[in-house]
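Here is how the chains run, residue by residue.
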Amino acid sequence: MTTVLVTGGAGFIGSHLCERLLEAGRSVICLDNCSSGRERNLDDVRADEAFTFLRADVRNDLTAVLRDGSVDPDDIDRIYHLASRASPADFEDHPLDIARTNSEGTQSVLELAATVDARVLYASTSEVYGDPEVHPQPESYNGNVDPRGTRACYDEGKRFGETITSVYHRQHGVDARTVRIFNTYGPRMRADDGRVIPTFITQALDGEDITVYGDGTQTRSFLYVSDLCRALRAVMAAPDLGGDVLNVGSTREVTINSLAETIRSLIDTDSEVTYHPLPDDDPQQRRPDISRIQVAIGWEPDVAFEDGLRRTIQSVRAQRD
Ligand SMILES: NC(=O)c1ccc[n+]([C@@H]2O[C@H](COP(=O)([O-])OP(=O)(O)OC[C@H]3O[C@@H](n4cnc5c(N)ncnc54)[C@H](O)[C@@H]3O)[C@@H](O)[C@H]2O)c1
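Residues numbered from 1 in each chain as written. Predicted model: local features only at pLDDT ≥ 70, side-chain atom pairs only at ≥ 80, totals over all residues. Heavy atoms only, no water.

1. Examining the site of the ligand
Inference 1: Taken together, 30 residues surround the ligand, and among them Asp32, Ser36, Tyr154, Lys158 and Arg195 come closest.
Inference 2: Between the ligand and the protein, one listed contact pairs an oxygen atom with a backbone N or O atom of Leu82 at 2.8 Å.
Inference 3: Take Tyr154: an N or O atom from its side chain is 2.5 Å from an oxygen atom of the ligand.
Inference 4: When the ligand is considered free in solution it has 820 Å² of accessible area, and contact with the protein chains removes 97% of it. (Near = heavy atom within 4 Å. Polar contact = N/O pair within 3.5 Å; in protein donor to acceptor, adjacent residues only side chain to side chain. Areas by Shrake-Rupley, 256 points an atom, 1.4 Å probe, with all protein chains shown as cover.)

Written out as structure tokens, the structure reads:
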């Protein structure tokens, strides 16, 4: 049986990925320090005999961590490296932790992969493009990031993570591929982490003002989490993507104003939309060019935006109940 290590597996995306991998008959080791993730995200998989949870920091010597958890490191065939706080609220509160997790933590994952000959998928981000001057963003675009800005711990942390992932591929022969994930949403996002969809949903359910930053004409493209997990698994499975980098995201671009209106109408709330100053380094436009992943693995997003929003609203309601 293929044994898969998922770092950051107790987080929003990681917990969905662990479920999909177990359903596909994999043995899954989830390693997470629960800094932004929650053990309760794993409630549905805990009882599965093929599932192991290790509470640990990815910056540690992972061979030792696995042995301490009674896992033979040589059993690991695949590593999805998702560990990293990812919410804007954390960029201000935990900048060093984020920068170090993506640099030292990524190196530690790559060292393990080199030692046990495992294939790696590194979860990078559209934030490597910063505030893009090219639209939509292809993988060949090198980005427009302020290395000293308030978001730099994350943007530059991920850029460095990509750098050492490439170095380990070129110089140490690690079969590592990188995906640049664009805004993803779905059940289990934390309501309080500053990301726009759970924030708007919570405000609308509470009948509070929906707080739009800037004039709301800035755009994002949102991908539903099940579509992302399908892409991650297919990119990992493809034999010839070592050393490659692929965008994963939705190409349906929406303004923040229209997102606020859609959530207002789906929740049928009295909330008003209010406008507030735009934070530093907030990108104006975001949409991936996904031609490379379409050609490489034939992937397309499947879940309609309103359907995904309905499922997310339902899960936020269920959590509150
Ligand atoms: N959600 C998105 O829209 C999005 C977009 C682009 C990239 N990503 C990337 O996908 C990955 C998962 O994001 P998410 O949205 O699920 O965030 P999340 O915060 O829900 O999950 C991240 C997980 O990593 C864990 N973690 C953080 N630092 C760690 C460390 N040092 N050691 C061990 N575990 C650690 C956290 O506890 C958490 O469970 C991240 O790498 C993120 O950068 C997410």
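Having seen the structure, we can now continue with the description.
2. Digging into the nonpolar core
Inference 1: Counting 59 residues, the largest nonpolar core has Phe51, Tyr80 and Leu232 as the members making the most contacts within it.
Inference 2: For this core, the leading source of residues is helix α7 (residues 225–237), giving 7 residues.
Inference 3: Both domain 1 (3–183 + 224–249 + 287–302) and domain 2 (196–219 + 253–286 + 308–320) contribute no fewer than three residues apiece to this core.
Inference 4: Leu232 has contacts with Ile13, Leu17, Tyr80, Leu121, Val179 and Ile181, leaving out every residue within four places of it along the chain.
Inference 5: Within the second largest apolar cluster, 24 residues are counted, among which are Ala56, Val65, Ile79 and Ala176. (Core = buried A, V, L, I, M, F, W, Y, C linked by side-chain atoms within 4.5 Å. Buried < 20%, exposed > 50% of the residue type's maximum accessible area, 1.4 Å probe, protein only. Helix = DSSP H or I, 4+ residues; strand = E, 2+ residues; numbered from the N terminus. Domains from an automatic or database assignment. Contact = heavy atoms within 4.5 Å.)

3. A short note on the side chain of Arg177
Inference 1: As for its placement among the helices and strands, Arg177 is situated in strand β6 (residues 176–181).
Inference 2: The exposure class assigned to Arg177 is buried, which follows from its relative accessible area of 0%.
Inference 3: For Arg177, the contacting residues outside a window of four places in its chain are Arg119, Val120, Leu121, Tyr122, Val235, Met236, Ala238, Pro239, Leu241, Gly242, Gly243 and Asp244.

4. So, the domain arrangement of the protein chain
Inference 1: Partitioning the protein chain into structural domains gives domain 1 (3–183 + 224–249 + 287–302) and domain 2 (196–219 + 253–286 + 308–320).
Inference 2: If you average the C-alpha positions of domain 1 and of domain 2, the two centres end up 27 Å apart.
Inference 3: Contacts between the two partners involve 15 residues from domain 1, matched on the other side by 11 residues from domain 2.
Inference 4: Among the residues of domain 1 in contact with domain 2, Arg151, Tyr224 and Arg287 are the three that bury the most area, contributing 39% of the side total. (Buried area = accessible area lost by both parts, 1.4 Å probe.)

5. Focus on the packing of aromatic side chains
Inference 1: Enumeration over the complete set of coordinates arrives at 7 aromatic pairs.
Inference 2: Here Tyr185 and Tyr224 contribute two aromatic rings whose centre-to-centre distance is 5.4 Å and whose plane-to-plane angle is 70°, an arrangement assigned as edge-to-face. One end of the pair, Tyr185, is in strand β7 (residues 184–185); the other, Tyr224, is in strand β10 (residues 223–224), with 39 residues separating them in the sequence. For the pair Tyr185 and Tyr224, one class covers both residues: buried.
Inference 3: With centroids separated by 5.6 Å and ring planes inclined at 80°, the aromatic side chains of Tyr185 and Phe305 adopt a geometry described as edge-to-face. Remark: Phe305 occurs in helix α10 (residues 305–320) and Tyr185 occurs in strand β7; sequence separation between them is 120 residues. (Phe/Tyr/Trp six-rings, centres within 6.5 Å; stacked < 30°, edge-to-face > 60°.)

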